[in-house]
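Here are the chains, one letter per residue:
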Amino acid sequence: MTVSDMSVHKRTAAREAADMVKSGMVVGLGTGSTAAYMIERLGERVAEGLEIFGIPTSDDSEDKAIKAGIPLTDFSAHRRIDIAIDGADEVQRGSLNLIKGLGGALLREKIVAQAAKRFVVIVDGTKPVDLLGERAPVPVEVISFGWECTAERLAACGARGVKPRADRAGSLFVTDTGNMILDCHFGPIENPEDLAEKIDRIVGVVEHGMFLNMASDVLVATTEGVERWE
Ligand code: 5RP
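Keep in mind it's a predicted model, so treat the numbers as computed, not measured. (Residues numbered from 1 in each chain as written. Predicted model: local features only at pLDDT ≥ 70, side-chain atom pairs only at ≥ 80, totals over all residues. Heavy atoms only, no water.)

K.L.:
If you had to explain the overall build of the protein chain to someone new, which residues and values would you point to?
P.N.:
When helices and strands are counted, the protein chain shows six helices and 14 strands. A compact globule built from 230 residues would reach a C-alpha radius of gyration of about 17 Å, and the protein chain, at 17 Å, matches this within 12%. Across its three principal axes, the protein chain shows a C-alpha extent of roughly 55 × 40 × 35 Å. Relative to its 230 residues, the protein chain shows a buried fraction of 51%. For the protein chain, the proportion of contacts with a sequence separation of at least 24, taken over those separated by at least 6, is 74%. (Helix = DSSP H or I, 4+ residues; strand = E, 2+ residues; numbered from the N terminus. Rg over C-alpha atoms; globule rule 2.2 N^0.38 Å. Buried < 20%, exposed > 50% of the residue type's maximum accessible area, 1.4 Å probe, protein only. Contact = heavy atoms within 4.5 Å.)

Structural data, given as structure tokens:
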């Protein structure tokens, strides 16, 4: 599949999800290239009269939403989100479990997904896997103090080559919430619940990128059209 096919598929899934949004809804706005197409489509619908408020999952999505003309709100005004729409790095066939966070926004994304009545995931056909970890590392957001110890504990859980993520310029990547990301290569994960529990117990870990039992719908766009998993 070419990069341009992939972009077309991301856009198709994103527009279909954006068209599920109704006036009066509070919408969680995901992060990444697929979510960017969804924000663009919601902006078009707002210009046509759709009345919504968005809660962005990153500074980047906030900028995009403002440019698209989507009115924004936050959790001080709205504790519940009607629908959150976001991309993913891997989606497990059958379970709808996800790996997210290669864009570095996993913490805010998980807070928004958890607050959402419906969490819709939009992906192209390269993202479905039989087991999480087949291709993507699990991004783990950690506080910088003592990260070396946190990395050793993650390695003891089976992660290989645990290193702080760097940005494109080679400098340390810092999340919107001021933390570091350790990308953890576990390989195919047979029991994600068990691994998630172990990682959650490590002091210094803020959150990890396995989103288990959170997605309500996954829209997978391929050349054959959009498949919906529920
Ligand atoms: C950001 C994410 C993204 O949703 C994920 O990386 C997918 O990105 P893209 O739509 O660009 O493939 O989790 O933290």
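Let us keep going from here.
K.L.:
Got a sec to walk through the site of the ligand? Specific residues and values, please.
P.N.:
The immediate surroundings of the ligand are formed by 17 residues, with Ser33, Thr34, Asp89, Gly101 and Lys127 found nearest. A distance of 3.1 Å is found between an oxygen atom of the ligand and a side-chain nitrogen or oxygen belonging to lysine 10. At a separation of 3.1 Å, an oxygen atom of the ligand approaches a polar side-chain atom of glutamate 109. When the free accessible area of the ligand is taken as 370 Å², the share hidden by the protein chains comes to 91%. Split by residue class, the shell around the ligand holds three nonpolar, eight polar and six charged. (Near = heavy atom within 4 Å. Polar contact = N/O pair within 3.5 Å; in protein donor to acceptor, adjacent residues only side chain to side chain. Areas by Shrake-Rupley, 256 points an atom, 1.4 Å probe, with all protein chains shown as cover. Nonpolar A, V, L, I, M, F, W, Y, C, P; charged D, E, K, R; others polar.)

K.L.:
Please provide a residue-by-residue account of the pattern of salt bridges, values included.
P.N.:
For the coordinates displayed, the defined rule picks out 19 salt bridges. One salt bridge in this structure joins aspartate 183 and arginine 165, with 2.8 Å as the shortest N-O distance. Of this pair, aspartate 183 sits in strand 10 (residues 180-185) while arginine 165 sits in the loop between strand 9 (160-164) and strand 10, placing them 18 residues apart in sequence. Classification of aspartate 183 as buried rests on a relative accessible area of 14%. Here arginine 165 falls in the buried class, since its relative accessible area comes to 10%. Aspartate 194 is paired through a salt bridge with lysine 198; the nearest N and O atoms lie 3.1 Å apart. Of the two residues, aspartate 194 and lysine 198 both sit in helix 6 (residues 192-200), four residues apart, roughly one turn of that helix. (Salt bridge = Lys/Arg side-chain N within 4 Å of Asp/Glu carboxyl O.)

K.L.:
Hey, could you go over the pairing of strand 3 (residues 81-86) for me, with residue numbers and the actual values?
P.N.:
Of all the six residues making up strand 3, five are buried; the element is thus mostly covered by neighbouring parts of the structure. Note: strand 1 (residues 26-29) against strand 3, three bridges, orientation parallel. Across the sheet, residue valine 27 finds its bridge partner in strand 3, namely isoleucine 83. (Pairing = 2+ DSSP bridges.)

By themselves, these figures tell us nothing about what the structure is for.
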